[in-house]
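The primary structure of each chain is shown beneath.
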Amino acid sequence: MTTSNPTTQQGTSPKRNIAPFLEDIKQFIPSENIYTDELRTLGWGTDASFYRLIPQVVVRSDGEEQVSKLVKACKKHSLPYTFRAAGTSLSGQSVSDTVLIVAGKHWEKYHIGENQDTITMQTGIVGAKANEYLKPYGRVLGPDPASIGSAMIGGIVCNNASGMNCGVHANSDRMMVSARLILTDGTILDTGDEKSKEEFRKTHPDFIKKIEQLRDRVRADKELSERIQLKYSIKNVTGLNIRPLIAYDDPFDIIAHSIVGSEGTLAFLSEVTMKTLHDYKYKASAMVYFLTMKESCEAVVAMKKLKAGDEDIKMSGENLMVKSAEMLDYKSLSSVDDPVFLQYKKDVDAGKIEGVEPGDYHNLTAILTETKGITHEQLLDKISKIKECLQAFSLYIPAEFTEDPNIYGKYWAIRSGIFPSVGGTRPIGTSCLIEDVAFHINDLPEATVKLQKLIADHGYDDACIYGHAFEGNYHFILNQSFKSESEVKRYEEMMRDVARLVVEEYDGSLKAEHGTGRNMAPFVKYEWREKAYEVMKELKDIFDPDHLLNQGVIFNDDPSCFIKCLKPLPVLSFDYDAIPDGGHYLPSGVSTTQTTIEEVKRANKCIECGFCEVNCMSCGLTLSSRMRIAVQREIRHLETTGENPQRLATLKRQYKYYGDQTCATDGLCSTSCPMKINTGELTHLIRQMDMLNSSAGYKVGEFAANHMAGIKTGLRMVLGVANLGHSVLGSSVMTGICNGLNKMGMPLWTTAMPKAISQPHHPKHQVTNSPNDELKVVYFPSCINQTMGLAKGAPVKSSLVDATCKLINKAGYEVIFPEGMKKMCCGQIWESKGMLDIADRKSAELEEALWKASNEGRYPVLCDQSPCLHRMKKVIKRVKLYEPAEFIMTFLKPRLDFHPISRHIALHITCSTREMGVSQHLIDLARLCSDNVFLPEGVGCCGFAGDRGFTYPEMNKYALRKLKPQIEQNNIEIGYSNSRTCEIGLQTHSGIPYMSIVYLVDECTTPKA
Ligand SMILES: Cc1cc2nc3c(=O)[nH]c(=O)nc-3n(C[C@H](O)[C@H](O)[C@H](O)COP(=O)(O)OP(=O)(O)OC[C@H]3O[C@@H](n4cnc5c(N)ncnc54)[C@H](O)[C@@H]3O)c2cc1C
Ligand code: SF4
Ligand code: SF4
């Protein structure tokens, strides 16, 4: 038995000679999509499970032809390979120690069927995106895993993932219409295409024959068929999916449906057509609190018997009144500080709960119950019938359904908050495991109580049980250390006891929705028994005769494989005391250094789930946020153990570009992280640590901070010279020269580069000395807007500072510039470079000036650059700060008349706008100005990242790769945003001008009549 070591853990098989394979695949895969270095194999090898295998090579694929050739090459060289979508799997099924083939980005095409009752999707589409595409038609996907915001269709189908609303009736097996597959010999088979099937019959008669023979044999065995029927009457993803053998006659349907839940062990799924469900218009939820767990389960059994009408079948594929019933045990309620649970504790201690001793809170159990209606009357009828049913049970407080999304949203937030709350409070260095079992519904009351006791008996005092009670499907979360033999042993014994309980006593499912992986592979035969297991093996042999696909997953002869290759989680720690702290400069005392350190400490809570990757602009270009944390953990581990200095040096060197320099530090990763981890702060801290070793870098930073006015003047001169060059040489010559200079390390110049502007001065037609304090605003033009003017050929003439002043005055407001403005800066530049103390010093100077200018905080303060404003909001607390759209909507809108134009415009919502929570203001404002506002899809962070767009233009190019086609397709003439630097990048990569929203508002408004 091994507790794995991150530096040496290469899986269970020996390292193979992959050189000839690499030679072959380089013929058809661009070398930039093949990774063999230490850093990226470690990064891409990390999935959400607690297993660690490091692939020898990671290949990013972008089309069927490539995958077809890749699988042929794996076959030729006898190399095991694993497919990977979003890598959010929990059971160790998306890791590999040999070849890892990634098929996520580039696999994102889709097509909605004529009546919207089907959707055909390539398998790299994120589940939630597919639901966004379906939303306008009132449709949704059947499968609804909690990870739907990150998990991709390939992973959802191949894991047969499901969630709160998706019982057996709506899983991928039931929803699948057809599949497009790449088989292990490289053949492409589309089961939705007659021609493809005809061709396959001719080329693969044996394959078809074997499927038919297996089907007929299984069907002829009544006992086996009935067992299969029974096992799939509840959620079950243990082993291969063999239901198709009894559910479908056509061999092509059997082939397609076998892929569901196959965890990449049978074939590559390239495209899938699924039925869609209707989304109900009327919904209501109630958090129902029961006095005992047993009673809560009895109530679930009773509610499951309440049948709705047949029209429900058309809507959702089933006709139950209750659409979901999520159980939350007392530990779950406690983990999220549920207010009713807190009240219950008080009542228990006051002796108010009959038969319960003070201090014993374990009985209270909640069932979050949801019902839905096609009409409102139908919803009310369902609510009344459910309440009637609940009258037979002892509730702690009466059950109240609410239709108010604000209230039921809070209930569901409590439910969703369990996992991060439990995971977030675990001891540092331990893993957060989620187990996933299912019982038949009638066994629920007894089995649940036994499960709770079993977990407690193994000493997992902080474990909680929650989940989809309506499907008999529970998750339990364990905070598990794998540092010592005894801890691993404890886990092993608990898992073996769980297996005994679930299988021997209740014939339930050891995995209901998370996949078998390596975690349950040794228990597949135990759960299914010999005959069914043999059928699974035969199915595997038909599809993958060489057993190269995802070795060790589902089929694994090692009875202890579930406690091998365990992923350690070394603690991230730095020499925090060495970091200069600029907090004393700031009146609020909110030090950037301290907040950064807190954020980095929070990164220790990372469970490597990968939910951040959808928002990480560098994911796919270099590393993602999850990979940065995984690599940093490894680096810390190597530093503290001194184990492998060579690997340490290599990782550190490679991290410089892939981890550090290409992180946009925008923090968007935190927005989809269940633990709210901002990996950008980790980057800031690493940059600060590097700065400590570079006194030259710090001196430059110091100099810049002390000579801000001069630097702004210098920058104006540089921009002036560049503009002159542009005018004299023309766009193409200038671009060519500057691309060459960029390769030599100079910042990149593009045609979107601004001209210089003169130092801002008070506007000409200024309303001054207004006696009305209500109508004054302090305007701090950011350094960028004090120096950079418009790009050559811009469709407007005045600088942003002038345009902003003009608009403010139009609404009758007086503009006040802070004193000494040309020396001021918000500190953002220093923060992003990792000079956190200097950043605070600059912010403090600015705060003082704003405090004075705003008459000690009486007037609002406007900044025209959203990233700067975001920084200011974090550290400057004494004045009221506004970003342009929020300011206009709050103060100017009531004093202006809007005259919308019909011009097609695009809007770019910057990262900082999103993080400040003011995106809606920007969207609403744009819609007041134009009837045709377009928000490009798949464009998050623009990758310009302050000034990184100049030095690492590849970031900007990659982040905006989806922009231009959408701009062209939608005939967009101009784009608007609220960050000048982002606008430079957007203009470069869209082919249309981008400028501040202020120009648009100015164009479309007149003073209120
Ligand atoms: C916090 C958290 C909550 C979760 N909640 C749920 C939940 O509620 N319900 C649930 O069911 N799961 C849940 N999961 C597990 C996981 O997110 C899902 O199973 C998800 O569907 C996996 O999708 P993925 O894109 O990450 O796939 P991956 O992990 O990349 O891959 C999944 C499997 O499919 C294979 N595969 C991927 N793409 C292909 C392809 N194109 N062709 C062939 N094989 C392929 C892989 O080899 C692997 O075996 C959760 C995970 C986390 C971290
Ligand atoms: S940073 Fe957050 S979202 Fe990303 S892997 Fe870690 S826990 Fe998951
Ligand atoms: S800050 Fe941005 S680029 Fe850096 S890890 Fe987070 S999302 Fe990715």
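If you're wondering where the values come from, they're calculated on a predicted model, not measured in any experiment.

Around ligand 3 sit 13 residues, and of these Cys616, Cys663, Ala664, Asp666 and Cys669 come closest. Looking at the shell around ligand 3, the elements that each hand over two or more residues are helix 23 (625-641) and helix 25 (679-692).

Although it is not a glycine, serine 78 sits at a positive phi angle of roughly 50°. Looking at where serine 78 falls in the secondary structure, it is placed in the loop between helix 3 (64-76) and strand 3 (81-84). A positive phi angle is found at asparagine 971, which is not glycine, with a value near 50°. Considering the arrangement of structural elements, one finds asparagine 971 in the loop between helix 39 (963-969) and strand 27 (974-977). Taking the relative accessible area as the measure of exposure, asparagine 971 reaches 55% and is therefore exposed.

Taken together, the residues surrounding ligand 2 are Cys606, Ile607, Glu608, Cys609, Gly610, Phe611, Cys612, Arg626, Ile629, Cys673, Pro674 and Ile677. Each residue belonging to the shell around ligand 2 can be placed in one class, and the counts come to nine nonpolar, one polar and two charged.

When you tally the buried positions in helix 34 (residues 884-892), you get eight out of nine residues, the bulk of the element. Buried within helix 34 we find Pro884, Ala885, Glu886, Phe887, Ile888, Met889, Phe891 and Leu892. The N-cap residue of helix 34 is glutamate 883: its side-chain oxygen and the backbone nitrogen of alanine 885 are 3.1 Å apart.

Counting across every chain of the model gives 67 salt bridges. Measuring nitrogen to oxygen at the nearest pair gives 2.6 Å for the salt bridge that ties aspartate 24 to lysine 76. Of this pair, aspartate 24 sits in helix 1 (residues 19-25) while lysine 76 sits in helix 3; the two residues are 52 residues apart in sequence, bridging distant segments of the chain. Owing to a relative accessible area of 59%, lysine 76 belongs among the exposed residues under this scheme. Across the pair lysine 489 and glutamate 492 runs a salt bridge whose closest N-O atoms are separated by 3.7 Å.

What follows is about the sheet that holds strand 6 (residues 118-122). Within a sheet, neighbouring strands are paired by backbone hydrogen bonds and run either parallel or antiparallel to one another. With antiparallel pairing, five strands are arranged side by side in an open sheet as 5-6-10-8-9. The open sheet terminates on both sides in strands that have one partner only, identified here as strand 5 (110-112) and strand 9 (188-190). Sheet twist, expressed as the mean angle between neighbouring strand axes with direction ignored, is 10°. Both strand 6 and strand 10 (residues 268-275) contribute to a ladder of five bridges, which runs antiparallel. Across the sheet, residue methionine 121 finds its bridge partner in strand 10, namely valine 272. Helix 11 (residues 251-258) rests against strand 8 (176-182) and strand 9 of the sheet, and its axis sits at about 80° to strand 8.

With that out of the way, let us pick up the side chain of serine 854. Along the chain, the position of serine 854 falls in the loop between helix 32 (836-853) and strand 22 (861-863). Note on serine 854: relative accessible area 0%, which makes it buried. Reaching out from serine 854, the side chain makes a polar contact with the backbone oxygen of tryptophan 851 at a distance of 3.2 Å. The residues contacting serine 854, other than those within four sequence positions of it, are Val778, Tyr859, Val861 and Val879.

Definitions and limits used
- Residues numbered from 1 in each chain as written.
- Chains lettered and ligands numbered in written order.
- Predicted model: local features only at pLDDT ≥ 70, side-chain atom pairs only at ≥ 80, totals over all residues.
- Heavy atoms only, no water.
- Near = heavy atom within 4 Å.
- Helix = DSSP H or I, 4+ residues; strand = E, 2+ residues; numbered from the N terminus.
- Buried < 20%, exposed > 50% of the residue type's maximum accessible area, 1.4 Å probe, protein only.
- Nonpolar A, V, L, I, M, F, W, Y, C, P; charged D, E, K, R; others polar.
- Polar contact = N/O pair within 3.5 Å; in protein donor to acceptor, adjacent residues only side chain to side chain.
- Salt bridge = Lys/Arg side-chain N within 4 Å of Asp/Glu carboxyl O.
- Pairing = 2+ DSSP bridges.
- Axes fitted to C-alpha atoms, helices over the stretch in contact; angles between N-to-C directions.
- Contact = heavy atoms within 4.5 Å.

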